[in-house]
Amino acid sequence: MSSTEDLNAQITEANETILSSNQYLSFMLGCEPFAIPVTKILEIIEYEYVTLVPTAPSKYRGVVNLRGKIIPVIELTKVFNMEESEVTKRTCIIVMEINIDNETTMIGCMVDKVLIVQDIDTNQIEDTPSIGTVISSEYIKGLTNVEGKFITILDTDAIFSASELIIGYENNLSTSTQATEQATLN
Amino acid sequence: MDTEMDENLSIFISEGNELLEDMESALLDLENNTDDEESINRVFRAAHTIKGNAGLFGYDQIIDFTHIVESLLVEVRNGVIPISSELVSLLMRSKDIISAMMNYLIGKEEVDQNDLDETTKLLECYLADPHAAALANQTNLDSEKQSDSNKGVFTLNLKLGKETFRQGFSIKAIFRELNELGEIVSSNLYMSHIPKIDEIDPECCYLSWLILIESNCRKQDIADIFEFMDDCEFHILPPKSTSEQYISIINLLPSAETVIGQILVDAGALTDKELQKALITQKETGSLTGDILIEQGDVQPEVVESALVKQQQSRANSSQSVEFLRVNAEKLDTLINLVGELVINGERVSGLTENIENDKLSEAVTEMNETLEEMRETALGLRIVPIDGVFKRFNRTVRDTSNELGKKINFEISGGDTELDKTVAEKITDPLTHLIRNAIDHGIEKPSERELNNKSPEGHVSLSAYHETGSIVIKVSDDGKGLSKEKIANKAIERGLIKKSDKLSDTEIFNLVFEPGFSTAEQVSNISGRGVGMDVVKRNIESLRGNINIKSTEGKGTDVTIQLPLTLAIIDGFLICTENEHFVIPLDMVVECLRLSQEQTQEMQNHNYINLRGEVLPLIDLKNHFSLPKTNTKESSTKNVVVVQYCGKKTGLLVDSLQGEVQTVIKPLGKIFQNLKGFSGFTILGSGNVSMIIDVATLVAHASDREKELFKHHKSGKKSGAESKVEELEI
């Protein structure tokens, strides 16, 4: 278990080299280990005060201020329908840069604790079994075996898609299609 | 180089657009008042300056076309061509073509060649009018055209160069050309320059003349004859009659030129060559350009005099215009954002120093905050513009639309000096255009129909703006046939938007027209069927954090009211706290704050309103509305109410504690939260924590929608707030 500072240094270093595509950050949700590619990660911050966003879906824990930028914080346990865990000293927010609807935006993921940055070769990643996984297989890229333990590698594109994240995305879509229909009618 | 070119182009385009706008408004004025000389001059100046600018960058197509327009305008100004509405329309069309040509340069628009050819032809037809026939062939520098009756005698002082014959020029040809221009009244040959016989080179020319020509041509026409005769010296003194004309032209020139020689050249009193020569002499002698010109015999003294006056005016004007500076909008936005960040940090510093007892420190902090406040005001002011610029454009819209539909419209603008954020001003143009077109197309009836209804045949459409509690209100009103509630309701039932059994208030019925694809117009006309519906108008307004409302009386007319925030970046906020969560309410919306006594709280068992000095004040309990998690702190016996006002309606927001005023830099909700109702953005508090900014309008709307739903489900009818209060008591 490394400190967040060490991990942040590793992430920065990894993202500066070309090899980063094979590097993954592992973390815990409850007692399950998960991993995401470091290329998507900007930094890890300690969990502090998170401002509630009323009327937003419950998977949104709220927002935090990261050096003047407002970052939405999402609770992965709620996205995956897992048991909610208590906030502890080890609770962290992984800040990632994602692209939704052709716009780059930042989002924070609340995790119970971060573990390490490690190399995982593509050929070490096994296909997702269709049954028996801890979370819905639509969010999983694959599984990897590290020292006899299976780590679930997450499909960040699926988790952070526009339809998953943007509030009222479906409504938006339907009104805009209606508008275009109207425009073509005219 | 390329970027420099781009920069020049963008300057040319933005200046050009301003000039064209001014030209259009002057043309509209002209249409109403055909004798208005100042308007003619404005149109002329715009065309003249555009031509000049285009000349600087070598946009030939624009130069050629604007030149014809300018020529026509000179005739108009001289009273040769009378102003008619056809002429104004033609000039409007020309203005559109110039605009298209400019847009073409930045790849935005194509120039319609047919339109261009046709308009050019029409312009030339006007120019070729019999009254002006004699002038038709003088197409270059128009400013000094004279009519036949204005014939004058030019004095030409000509000294041919030694090389004249070797260069292949013949004296005969010169005289023939002079003869073509007018009648040679007299010509005296001077032989004083002929050298002694043994020094004579028989192939050289030593002759000079003083020639008087009676002609209606321009000075430049005479000068052109000698254009290629490099070593020939000549001075042309225009006839007396034209010197008066030059003076009047000088007075009418756009006052941007501060060099006297250039003023004279612009007015046509001086040719470029004469000027260059005078400038060389000036370098040698150091005397004043004006004096040299008179000495050379190029210009009459009184013309120079008036040019001097003009020069002084221009200098005065140019020292005034220093007050304006063109700044890249992006840089400005960055500055405003930085000021915003600074304001946040300032708040933070004062928060941190609050508990430190150090007089000097707190004094410094107070001073810093005062400066910051001033800075914020100034920074925001940079983006604020009067709405006039937007409003004026609609004169044209009204004119075109009403002509197209054969309706007479009296269009009235008021409150043009009301100021708002430039971004808002730009984005409001499209929705307003749509509303005004709608008013003329669907609102105002045909003249015959109006007379039948005892209305004046001329329809009245007005556009007004004014400030109201921290927002700007823009109103589009017409005295047309109004909206038919019945028609709207029927249409809505047909479309399945409402049920027949639904009982809707007037406002709710009118709001139906904002539903996508809703139109009660039986015919889709050219005007209203352009692909944007009222739903798009509403969405545009909402994207500016604004609000739109319709009021209408059938047979009397329709009022559409748009309410917009003054600025998009920084506001004064009022910080409140409930269940340990902080929220900011825009201070402009806050009317007053109240403290609820225990009795008042208990009185509210069954309803969610209080008696505010005899008025009913509905309350929204933020804790319930936002379903905030309960904190462990004991329920305080007293509650605070923040009374907010929106669209004339007061609502109380029930909160735990009031924290006072804060400077609030609005951070947008962002892609993810953009559709959230009840909030307009985030802000960072002095503590560094994030707080949400409450959008009173959507909050109230959301709360009332929710209650309606609740009432539908529980017909027995206890209000949401009251219900949860009972629960609390049970706990």
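The rules behind each value
Residues numbered from 1 in each chain as written. Chains lettered and ligands numbered in written order. Predicted model: local features only at pLDDT ≥ 70, side-chain atom pairs only at ≥ 80, totals over all residues. Helix = DSSP H or I, 4+ residues; strand = E, 2+ residues; numbered from the N terminus. Buried ≥ 20, exposed ≤ 12 C-beta atoms within 10 Å, placed from the backbone. Contact = placed C-beta atoms within 7 Å. Pairing = 2+ DSSP bridges. Axes fitted to C-alpha atoms, helices over the stretch in contact; angles between N-to-C directions. Parallel < 35°, antiparallel > 145°, perpendicular 65-115°, else oblique. Left-handed = near helix turned anticlockwise from the far one by under 90°. pLDDT = per-residue confidence, 0-100. Core = buried A, V, L, I, M, F, W, Y, C linked by C-beta atoms within 7 Å.

This paragraph deals with the overall build of chain B. What chain B contains, in helices and strands, is 25 helices and 21 strands. Buried residues in chain B amount to 35% of all 731 residues. The contacts in chain B between residues at least 6 apart in sequence include a share of 70% that link residues at least 24 apart.

Scanning chain A from N- to C-terminus turns up five helices and 11 strands. Counting the 186 residues in chain A, one finds 32% classified as buried. Taking the contacts inside chain A whose residues are at least 6 apart along the sequence as the reference set, 53% of them involve residues at least 24 apart.

A few words now on the interface of chain B and chain A. Counting from both sides, the interface comprises 29 residues of chain B and, opposite them, 28 residues of chain A. With four residues, helix H23 (residues 670-673) of chain B is the largest single contributor of residues to the side of chain B that touches chain A.

Next up on the list: the sheet that holds strand E6 (residues 409-414) of chain B. Residue and element names in this part refer to chain B. Reading across the sheet, the five strands line up as E6-E8-E9-E11-E10 and stay open at both edges, with mixed pairing between neighbours. One side of each edge strand has no neighbouring strand; the edge strands of this open sheet are E6 and strand E10 (547-553). Between one strand axis and the next, the sheet turns through 15° on average, direction left out of account. Bridge count for strand E9 (residues 471-478) against strand E11 (residues 557-565) is eight bridges, and the pairing is antiparallel. Its bridge partner being in E11, serine 471 is matched across the sheet by proline 565. Helix H16 (residues 422-443) rests against E6, strand E8 (459-468), E9 and E11 of the sheet, and its axis sits at about 20° to E9.

Turning next to the packing of helix H2 (residues 37-57) of chain B against helix H3 (residues 60-77) of chain B. All names here are of chain B. Look at H2 against H3: their axes get within 9 Å of each other, and the N-to-C directions meet at 155°. Classified by the angle between their axes, H2 and H3 sit roughly antiparallel to one another. Read as a crossing pair, H2 and H3 show a hand that is left-handed. Contacts between H2 and H3 involve Ile40, Val43, Phe44, Ala47, His48, Ile50, Lys51, Ala54 and Gly55 from the former and Ile62, Ile63, Thr66, His67, Val69, Glu70, Leu73, Val76 and Arg77 from the latter.

A word on the pairing of strand E17 (residues 639-646) of chain B. Residues and elements named next belong to chain B. Of the pairings in the sheet, the one linking strand E14 (residues 590-596) to E17 comprises six bridges and is antiparallel in character. Within the sheet, the bridge partner assigned to leucine 594 lies in E17 and is valine 641. Two strands pair when backbone bridges link them, and E17 and strand E18 (residues 649-655) are joined in this way by seven bridges, in the antiparallel orientation. Of the residues in E18, the one forming a bridge with valine 643 is glycine 652.

As a further point, take the confidence of the model for chain B. Residues and elements named next belong to chain B. Residues of chain B with pLDDT of at least 70 account for 84%, and the chain-wide mean is 77. In the model, residues 130-149 has pLDDT below 50 throughout and makes 39 contacts with residues more than four positions away in sequence or in other chains. When the criterion is pLDDT under 50, residues 716-731 qualifies, and its contacts beyond four places in sequence or with other chains add up to 20 contacts. We note a pTM of 0.48 for the whole complex and an ipTM of 0.83 for its interfaces.

Right, let's get into the environment of A:Glu83. Residue and element names in this part refer to chain A. Position of glutamate 83 among the secondary structure elements: in the loop between helix H2 (76-79) and strand E6 (92-100). In this structure glutamate 83 comes out as exposed when scored by C-beta crowding, with 9 C-beta atoms within 10 Å. For glutamate 83 and leucine 29, which are 54 residues apart along the polypeptide, the C-alpha to C-alpha distance reads 9.0 Å. Residue contacts for glutamate 83: discarding those within four places in its chain leaves Gly30 and Thr77.

Ranked by internal contacts, the top residues of the largest apolar core, which has 90 residues, are A:Leu25, A:Ile94, A:Cys109, A:Val111, B:Ile585, B:Val642 and B:Ile694. The greatest single-element share of this core, amounting to five residues, is contributed by E6(A). Look past the residues within four positions of A:Cys109 in its chain and what remains in contact with it is A:Ile74, A:Leu76, A:Ile93, A:Ile94 and A:Met96. By size, the runner-up hydrophobic cluster in this structure holds 37 residues, among which are B:Leu420, B:Val476, B:Leu483 and B:Val513.

Excluding glycine, most residues fall at negative phi; most peptide bonds, likewise, are trans. Residue A:Glu147 is not a glycine yet carries a positive backbone phi of 50°. Examined against the element boundaries, A:Glu147 turns out to sit in the loop between strand E10 (140-146) and strand E11 (149-154).

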